[in-house]
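The residues making up each chain are set out below.
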Amino acid sequence: MRLEADVSLGNGEGGLAARFRIDEPLCVVTGASGAGKTTLLHMIAGLRRPDRGIIRLNGTTLFDSAAGIDLAPERRAIACVFQDDRLLPHMDVRANHLFGRSGHGRGIEEFDQIVDVLDLRGLLRRRPAGLSGGEKRRTALARALLQRPARLLLLDEPLTGLDPARREAALGLVERRRDLTDTGVLYVTHQAAEARRLGGAHLRVCAGDSGLARAQVRPAAGAVETALSPLFATS
């Protein structure tokens, strides 16, 4: 994956400036609650429009304010798990899993594997209103992993509310997707153990003295404690 961004949204408190290039199959995103991690993912997904700048994924321009380019979310081939899950309430779990999947290929084999690993077999005919928080989160993760085409997975604290055994199983699926496909992963977490296990690049979002949050890349794979590289300093 190559993900490049040089964008800004707002000024001062509540604003966000991001300038980075990621050349790893997976990048862990960290930062304090409210720092702007979800806002950054929304801009990459096309759900929030930056005030200015450019976003490119694997050489394809997703957004360029100067050139007037702003691809619609459905044209970006990005699969997402956000904190509000965003399941389709009129569809059962099985239909939610398959929403956004075009073509079949290894479809049935992959579907069965993900459903079984995430322990969703008994929920396939339920609607989202009948699911617990953890069940909704597992359903959203399964849908993202099953989406095709998908050049990038945006996973915003995808394991919140899962018990240890299911967290372990879900992490294994994310690692498998990282290792066996060319789909990139941006993975937001507050858990240092998850960050170290997943490795890859590290993107930190933090607020500056002015209240403007900045997103910067740390080069050391999985090392949450490493100091910021001066190559990516924004001040």
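Up top is the structure these notes are about.
Remember, it's a predicted structure, so these values are computed and weren't measured experimentally.

*Asks:* Let's hear about the pattern of salt bridges: which residues, and what values?
*Replies:* For side chains of opposite charge, pairing can occur when their charged atoms come near one another. In total, this model carries 20 salt bridges according to the counting rule given. A salt bridge links Asp85 to Arg137; its shortest N-O distance comes to 2.8 Å. Taken together, the residues span a long stretch of sequence, with Asp85 in the loop between β7 (78-81) and α2 (93-98) and Arg137 in helix α4 (residues 133-146) at a distance of 52 residues. The salt bridge involving Arg178 is made with Asp179; its shortest N-O contact spans 2.7 Å. Here the salt bridges do not stand alone but share partners, grouping Arg2, Arg21 and Asp23 into one network.

*Asks:* Account for the environment of Thr189, with residues named and values stated.
*Replies:* Mapped onto the elements of the fold, Thr189 is located in the loop between β9 (184-188) and α6 (192-198). What makes Thr189 buried here is its relative accessible area of 3%. In this structure the C-alpha to C-alpha distance between Thr189 and Leu159, which are 30 residues apart in sequence, comes to 8.7 Å. Within polar-contact distance, the side chain of Thr189 engages the backbone nitrogen of Gln191 at 2.9 Å.

*Asks:* I'd like a description of the pairing of β9, backed by residues and values.
*Replies:* Within a regular beta strand, the side chains point alternately toward one face of the sheet and then the other, so they alternate between its two faces. The element β9 is extensively covered by neighbouring structure, given that five of its five residues are classed as buried. Residues Gly184, Leu186 and Val188 of β9 are buried on one face, and the alternating residues Val185 and Tyr187, pointing to the opposite face, are buried as well. Here strand β3 (residues 26-30) pairs with β9 via four bridges, running parallel. Note on β9: the bridge partner recorded for Val29 is Val188. Bridge count for strand β8 (residues 152-156) against β9 is five bridges, and the pairing is parallel. For Leu153, the partnering residue across the bridge sits in β9 and is Val185. For the handedness criterion, the β-α-β arrangement of β8, helix α5 (residues 164-180) and β9 is classed as right-handed.

Rules of the game
- Residues numbered from 1 in each chain as written.
- Predicted model: local features only at pLDDT ≥ 70, side-chain atom pairs only at ≥ 80, totals over all residues.
- Heavy atoms only, no water.
- Salt bridge = Lys/Arg side-chain N within 4 Å of Asp/Glu carboxyl O.
- Helix = DSSP H or I, 4+ residues; strand = E, 2+ residues; numbered from the N terminus.
- Buried < 20%, exposed > 50% of the residue type's maximum accessible area, 1.4 Å probe, protein only.
- Polar contact = N/O pair within 3.5 Å; in protein donor to acceptor, adjacent residues only side chain to side chain.
- Pairing = 2+ DSSP bridges.
- Right-handed = clockwise from strand over helix to strand, strands pointing away.

Read these as spatial facts, not as claims about activity.
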